[in-house]
Amino acid sequence: MPNQVEAFNAYRSRMNEKLLADNTKIIKRIFNLDTNAFMPGALDVKTKELLGLVASTVLRCDDCVKYHLESVKKEGGTKEEVMETLGIATLIGGTIVIPHLRRAYEYWEILEDMDS
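Residues numbered from 1 in each chain as written. Predicted model: local features only at pLDDT ≥ 70, side-chain atom pairs only at ≥ 80, totals over all residues. Heavy atoms only, no water.

## Here's the deal with the state of the cysteines
- Summed over all chains, the structure comprises one disulfide.
- A sulfur-sulfur separation of 2.5 Å characterises the disulfide bridge that pairs Cys61 with Cys64. With the S-S dihedral at roughly 60 degrees, the linkage between Cys61 and Cys64 falls on the right-handed side.
- In this structure Cys61 comes out as partly exposed when scored by relative accessible area, which is 25%. (Disulfide = S-S within 2.5 Å. Buried < 20%, exposed > 50% of the residue type's maximum accessible area, 1.4 Å probe, protein only.)

## Observations regarding the side chain of Thr90
- Inspection of the secondary structure assignment puts Thr90 in helix H5 (residues 79-93).
- A relative accessible area of 17% means that Thr90 is categorised as buried.
- Here Thr90 is in contact with Val97, Ile98 and Leu101, once residues within four sequence places are set aside. (Helix = DSSP H or I, 4+ residues; strand = E, 2+ residues; numbered from the N terminus. Contact = heavy atoms within 4.5 Å.)

## Some points on helix H1 (residues 4-21)
- Between its first and last C-alpha, H1 extends 26 Å over 18 residues, near the 26 Å set by a 1.5 Å rise per residue.
- Along H1, the residues classified as buried are Val5, Phe8 and Asn16. The buried residues of H1 occupy an angular sector of 65 degrees when projected down its axis, which confines them to one face. Of the exposed residues in H1, those oriented more than 90 degrees away from the buried face are Glu17, Lys18 and Ala21.
- Check the buried side of H1 and you find it contacts helix H2 (25-37), helix H4 (62-74) and helix H6 (98-115). (Expected span 1.5 Å × (residues − 1). Arc of directions from axis to C-beta.)

## Digging into the pattern of salt bridges
- All told, the structure shown has three salt bridges when counted by the stated rule.
- Note that Lys46 and Glu81 form a salt bridge whose closest N and O atoms lie 2.8 Å from each other. One end of the pair, Lys46, is in helix H3 (residues 45-58); the other, Glu81, is in helix H5, and 35 residues separate them in sequence.
- Note that Asp62 is salt-bridged to Arg103, the shortest N-O span being 2.7 Å. Taken as a pair, Asp62 in helix H4 and Arg103 in helix H6 lie far apart in primary sequence, 41 residues in all. (Salt bridge = Lys/Arg side-chain N within 4 Å of Asp/Glu carboxyl O.)

## Overview of the nonpolar core
- Counting residues in hydrophobic clusters, the biggest one holds 14 residues, and the most contacted among them are Leu53, Leu69, Val82, Tyr107, Trp108 and Leu111.
- Those elements that provide at least two residues to this core are H1, H3, H4, H5 and H6.
- Once you skip the residues sitting within four places of it in the chain, Trp108 turns out to touch Leu69, Val72, Lys73, Gly77, Thr78, Lys79 and Val82. (Core = buried A, V, L, I, M, F, W, Y, C linked by side-chain atoms within 4.5 Å.)

## Brief notes about the packing of aromatic side chains
- Considering all chains together, one arrives at one aromatic pair under this definition.
- Judged by centre distance (6.3 Å) and plane angle (80 degrees), the ring pair of Phe8 and Tyr107 falls under edge-to-face. With Phe8 in helix H1 and Tyr107 in helix H6, the pair connects residues that are 99 residues apart, well separated along the chain. The residues Phe8 and Tyr107 share a single accessibility class, namely buried. (Phe/Tyr/Trp six-rings, centres within 6.5 Å; stacked < 30°, edge-to-face > 60°.)

## Focus: H4
- In this model H4 runs 18 Å from its N-terminal to its C-terminal C-alpha over 13 residues, within 8% of the 18 Å that 1.5 Å per residue would give.
- Taken together, the buried positions of H4 are occupied by Val65, His68, Leu69, Glu70, Ser71 and Val72.
- Where H4 is buried, its residues contact H1, H3, H5 and H6.
- Phi turns positive one or two residues past the end of H4, at Gly76, with a value near 90 degrees.

What is shown is where atoms sit, not what they do.
Structure representation (structure tokens):
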């Protein structure tokens, strides 16, 4: 059985391919905008991904939280940076985001364990 990270990424890739194959102009443009928004600019990629993590946590999107956690990890983010970011997200989002904070913490542990 694939681990949670592999399963999440396989599903995400499969469904993205289906969505993009449907050739809907608006969806393709949104995907393109998302890709370009997270490229290096005045802010480095890790900072942008940490910002995405805050927004995703506040908006309570677990899939988005997982995506940004993986991206932060890929960009060399540390547990301390992630926890500080999640702390800000919880402050801004309020106690309603605590379940998402728990799942984010658990997913970060899985990502760290993959390095072991």
